[in-house]
Amino acid sequence: MRLLTSLIIALIFSTPAFAGDLTVQVRDGSGQPVRDAVITVHPNSGVPAGPIRFPWPLRISQEDLQFNPYVLIVPVGGTVSFPNLDRVRHHVYSFSRGNRFEIELYGRDQTRSHVFTAPGVAALGCNIHDQMLAYVKVVDTPWAARTGPTGDVVVTGIPAGGATLRVWHPRLTNRGNEIATVFTMAAGPSRQFITGDFSGRASVR
Ligand SMILES: [Cu+2]
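Residues numbered from 1 in each chain as written. Predicted model: local features only at pLDDT ≥ 70, side-chain atom pairs only at ≥ 80, totals over all residues.

Description of the overall build of the protein
For the protein, the helix and strand inventory stands at one helix and 16 strands. Viewed in the frame of its principal axes, the protein has a C-alpha envelope of about 75 × 40 × 25 Å. The buried share of the protein, reckoned over its 205 residues, is 28%. Within the protein, counting contacts between residues at least 6 apart in sequence, those at least 24 apart form 65% of the total. (Helix = DSSP H or I, 4+ residues; strand = E, 2+ residues; numbered from the N terminus. Buried ≥ 20, exposed ≤ 12 C-beta atoms within 10 Å, placed from the backbone. Contact = placed C-beta atoms within 7 Å.)

Below is the structure:
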């Protein structure tokens with residue numbers, strides 16, 4: 001009997017956890033889709049050890065006096081490049097706690113990089129052009145994604161079971177610009193609908 005019990009326990013723990021895809025739909029108070037919202041999922045069972053890799057480039061260019069993209073998800077410890085594609089010089093900085101840095105004036109077709117070591121948000125500005133604004137969201141989970149123009153995004157391969165879902169957006173009026181909710185991830189497709197007040201002011205502070 002003891003042998004059987006150990007066998008069953010061994011089986012349970014050696015079987016890969018069931019996983020599923022989660023569709024998150026983000027809408028504002030009028031039901032309009034919200035783009036550039038960052039979704040992160042932390043399963044109660046934890047996140048895998050080791051470096052996190054995402055399929056998108058860790059890059060924010062400066063082009064036409066704007067940062068592109070406006071919101072970039074970066075794994076903790078990730079190196080982001082900041083190529084300047086403009087004819088003018090830019091001076092990139094962040095005053096955000098844990099992710100303060102400054103890249104002094106650099107010109108056309110030059111690039112610089114920075115390593116983001118603290119999970120959280122780095123709001124980016126340019127010392128020369130006040131209207132330039134972008135956000136680096138540094139995350140400590142591989143289950144992260146950004147909403148597109150439809151306000152929807154799919155986060156794939158989340159282990160089944162309890163988890164915390166967070167939605168961050170620079171204009172969310174909640175504390176920390178973030179909504180957190182706990183939910184149970186099914187072994188299959190799931191859906192979460194998030195609605196909030198996105199009328200806040202995006203700023204470099
Ligand atoms: Cu600039």
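Concerning the confidence of the model for the protein
For the protein, per-residue confidence averages 92 on the pLDDT scale, and 92% of positions sit at 70 or higher. Scored below 50 in pLDDT, residues 10-16 shows zero contacts in the model against residues more than four places distant or in partner chains. (pLDDT = per-residue confidence, 0-100.)

Focus: the sheet that holds strand E8 (residues 101-106)
Pairing within the open sheet is mixed, and its five strands lie in the order E5-E11-E10-E7-E8. Of all the strands in the sheet, just strand E5 (71-75) and E8 have a single pairing partner and so form its edges. Ignoring which end each strand starts from, the neighbouring axes of this sheet average 20 degrees apart. Here strand E7 (residues 90-94) runs beside strand E10 (residues 120-126); their pairing, made up of two bridges, is antiparallel. Among the inter-strand pairings, Val-92 is bridged to a residue of E10, identified as Cys-126. (Pairing = 2+ DSSP bridges. Axes fitted to C-alpha atoms, helices over the stretch in contact; angles between N-to-C directions.)

Some details on the nonpolar core
Across soluble globular proteins, nonpolar side chains have a tendency to be buried as a group. In terms of nonpolar packing, the biggest core is built from 39 residues, with Ile-39, Val-41 and Val-136 touching the most fellow members. Ranked by residue count, the leading element in this core is strand E11 (residues 133-139), at five residues. Shared between two domains, this core holds at least three residues of each, these being domain 1 (17-47 + 142-205) and domain 2 (50-140). When neighbours within four sequence positions are excluded, Ile-39 is seen to be in contact with Val-24, Ala-144, Ala-145, Val-153, Val-155, Leu-165 and Val-167. (Core = buried A, V, L, I, M, F, W, Y, C linked by C-beta atoms within 7 Å. Domains from an automatic or database assignment.)

A look at the environment of Met-185
For Met-185, the position within the fold is in strand E15 (residues 178-185). The spatial distance from the C-alpha of Met-185 to the C-alpha of Pro-43 is 8.4 Å, given a sequence separation of 142 residues. Ignoring sequence-local partners within four residues, the contact set of Met-185 consists of Gly-20, Leu-22, Pro-43, Ile-158, Pro-159, Ala-160, Gly-161, Ala-163 and Ser-190.

Some words on the sheet that holds strand E14 (residues 161-168)
The strand order across the open sheet built from four strands is E12-E2-E14-E15, with neighbouring strands paired in antiparallel fashion. This sheet does not close on itself; its edge strands, each paired only once, are strand E12 (144-146) and E15. Geometrically, the sheet is characterised by an average inter-axis angle of 20 degrees between neighbouring strands, direction not taken into account. Pairing analysis gives eight bridges linking E14 to E15, with the strands arranged antiparallel. Considered in E15, the bridge of Val-167 is made with Ile-179.

Some points on the domain arrangement of the protein
You can read the domains of the protein as domain 1 (17-47 + 142-205) and domain 2 (50-140). The centre of domain 1, based on its C-alpha atoms, is set 22 Å off from the matching centre of domain 2. At the junction of the two partners, domain 1 supplies 12 residues and domain 2 supplies 12 residues. Contributions of two or more residues to the side of domain 1 that touches domain 2 are made by strand E2 (38-43) and E12. For the side of domain 1 that touches domain 2, the per-class residue count stands at eight nonpolar, one polar and three charged. (Nonpolar A, V, L, I, M, F, W, Y, C, P; charged D, E, K, R; others polar.)

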